[in-house]
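The primary structure of each chain is shown beneath.
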Amino acid sequence: MQVLGEDIGGSGVKGAPVDVKKGDLLAKRFRIPTPRSGKPQAIAETVAELVDQFKWNGLVGCGFPAAIQGGVALTAANVDKSWIGTDAVRLFSQTTNCKTYVVNDADAAGVAEMRFGAGRKAKGVVLMITVGTGLGTALFTDGALVPNCELGHILLRGKDAELYASDAARQRKNLSWKAWGKRFNEYLSRLEALLWPDMFIIGGGASKKFSNFADQLSVKAKVVPAQMLNEAGIIGAAIFAYEKSRGKK
Ligand code: BGC
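It should be emphasised that the depicted structure is a prediction, and the values quoted were computed from it without experimental measurement.

Let us now look at the nonpolar core. If you look at the biggest cluster of nonpolar residues, it comprises 33 residues, and the most contacted ones within it are Val3, Val20, Val126, Phe140 and Ile201. For this core, the secondary-structure elements that each account for two or more residues are β2 (12-19), β8 (100-104), α3 (105-116), β9 (125-131), β10 (135-141), β14 (199-204) and α8 (232-245). When residues of this core are assigned to their parent elements, the largest contribution, nine residues, is made by α8. Among all residues touching valine 3, those that are not within four sequence positions of it are Ala16, Pro17, Val18, Val20, Trp56, Leu59, Val60, Gly61, Ala238, Ala241 and Tyr242. Tyr164, Trp180, Leu191 and Ile202 belong to the second-largest nonpolar core, a separate cluster that totals 28 residues.

Okay, structure coming up:
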């Protein structure tokens, strides 16, 4: 079964057709810069451009950086505020002329990691964290997703955690990996005290640099880097759409 997966980010919208049974891309992924305005209509047109790029007329799954309930975006931490209350499923389905499902971007990446990557066969409570512009989180219990947990926004030292421990914060403050690793460890420790997951999976850009900060981490839970790198968001969005279309989620 093939589904077009798209991952909508702050700087680029990336997509590729996905074999949802194998968790593989069926073509090289294509990236279009995210329109500067970041507004719903402009993003929808970019989503549609990718559909045209692959001459697609089947199912589409999109990961988007907001809590998504019933297809509607409920938050807008790093995107234009006019997204709040936008029915993304309706907008994208109309603009692409393809049935489109929308899922939180971290949930999408988590679904792919749990199915085909670092969380394969993992039981118990797993928390995937995507470290990028923001901190995205995806919570699983015995492999089942608890959607939309926005744990990147817990307070750490009186601040929104993602302002303190995201990759954007590391770059903004020009922190060494060691200094940033200490901050990230504070974040993980706080999450551990609240949720006691059995395992953390660290995704996003930081997963490629895991060895640079791994020795700063002191939580009890197992901490592993994500395995699917740039493709998790695309693959997970496609799997989500496929399962949703079959009434599984
Ligand atoms: C958003 C989340 C998103 C994460 C990663 C956060 O700022 O609130 O919905 O998953 O960034 O993009």
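Read on, since the account is not over.
This part covers the packing of α3 against α8. Geometry of a packed helix pair, given as the angle between the helix axes and the separation of the axes. Where α3 contacts α8, the two axes come as close as 7 Å, and the packing angle between them is 90°. Taken together, the axis directions place α3 and α8 in an arrangement best described as roughly perpendicular. Side by side, α3 and α8 meet where Ala108, Ala109, Val111, Ala112, Glu113, Arg115 and Phe116 of the first sit next to Ala232, Gly233, Ile235, Gly236, Ala237, Ile239 and Glu243 of the second.

Every residue lining the ligand is accounted for by Pro65, Ala66, Ala77, Asn78, Asn104, Asp105, Ala106, Leu135, Gly136, Glu150, His153 and Glu162. In the environment of the ligand, an oxygen atom lies 2.5 Å from a nitrogen or oxygen atom belonging to the side chain of aspartate 105. Within the side chain of histidine 153, a nitrogen or oxygen atom sits 2.7 Å from an oxygen atom of the ligand. Expressed as a share of its isolated accessible area of 310 Å², the protein-covered part of the ligand is 93%. Of the pockets mapped on this structure, the ligand occupies the largest pocket. Mapped by element, the contributors of at least two residues to the shell around the ligand are α3 and β10. Tallied by class, residues from the shell around the ligand come to five nonpolar, four polar and three charged.

Moving on, we get to helix α2 (residues 88-96). Looking at α2, one finds that the buried residues are Ala88, Val89, Leu91, Phe92, Ser93 and Thr96. Buried positions along α2 lie against β1 (2-8), α1 (40-53), β5 (60-64), β7 (72-73) and β8. Capping of α2 at its N-terminal end is provided by aspartate 87; its side-chain oxygen lies 3.3 Å from the backbone amide nitrogen of valine 89. Two residues or fewer after α2 comes asparagine 97, characterised by a positive phi angle close to 60°.

To continue, consider the sheet that holds β10. Spatially, the five strands line up as an open sheet ordered β11-β10-β9-β14-β15, and their pairing is mixed. This sheet does not close on itself; its edge strands, each paired only once, are β11 (144-146) and β15 (222-225). Between one strand axis and the next, the sheet turns through 25° on average, direction left out of account. The pairing of β10 with β11 spans three bridges and is classified as antiparallel. From the neighbouring strand, threonine 141 faces β11, where its bridge partner is alanine 144. Helix-sheet contacts for α3 involve β9, β10, β11 and β14, and the interaxial angle to β10 is about 45°.

So, on to unusual backbone geometry. Phi is positive for aspartate 142, which is not a glycine, with a value near 45°. With respect to the secondary-structure elements, aspartate 142 resides in the loop between β10 and β11.

With that settled, the discussion passes to the environment of glycine 85. Relative to the elements of secondary structure, glycine 85 occurs in the loop between β7 and α2. By relative accessible area, glycine 85 is classed as exposed at 52%. Expressed as a C-alpha distance, the spacing of glycine 85 and threonine 133, which sit 48 residues apart in the sequence, is 22 Å. Beyond its immediate sequence surroundings of up to four residues, glycine 85 is in contact with Val72 and Ala73.

What counts and how
- Residues numbered from 1 in each chain as written.
- Predicted model: local features only at pLDDT ≥ 70, side-chain atom pairs only at ≥ 80, totals over all residues.
- Heavy atoms only, no water.
- Core = buried A, V, L, I, M, F, W, Y, C linked by side-chain atoms within 4.5 Å.
- Buried < 20%, exposed > 50% of the residue type's maximum accessible area, 1.4 Å probe, protein only.
- Helix = DSSP H or I, 4+ residues; strand = E, 2+ residues; numbered from the N terminus.
- Contact = heavy atoms within 4.5 Å.
- Axes fitted to C-alpha atoms, helices over the stretch in contact; angles between N-to-C directions.
- Parallel < 35°, antiparallel > 145°, perpendicular 65-115°, else oblique.
- Near = heavy atom within 4 Å.
- Polar contact = N/O pair within 3.5 Å; in protein donor to acceptor, adjacent residues only side chain to side chain.
- Areas by Shrake-Rupley, 256 points an atom, 1.4 Å probe, with all protein chains shown as cover.
- 1 Å grid on protein atoms, 1.4 Å probe; cavity = no way out; pocket = protein on both sides within 12 Å on 5 of 7 lines; lining within 4 Å.
- Sits in = over half its atoms within 2 Å of the grid points.
- Nonpolar A, V, L, I, M, F, W, Y, C, P; charged D, E, K, R; others polar.
- Pairing = 2+ DSSP bridges.

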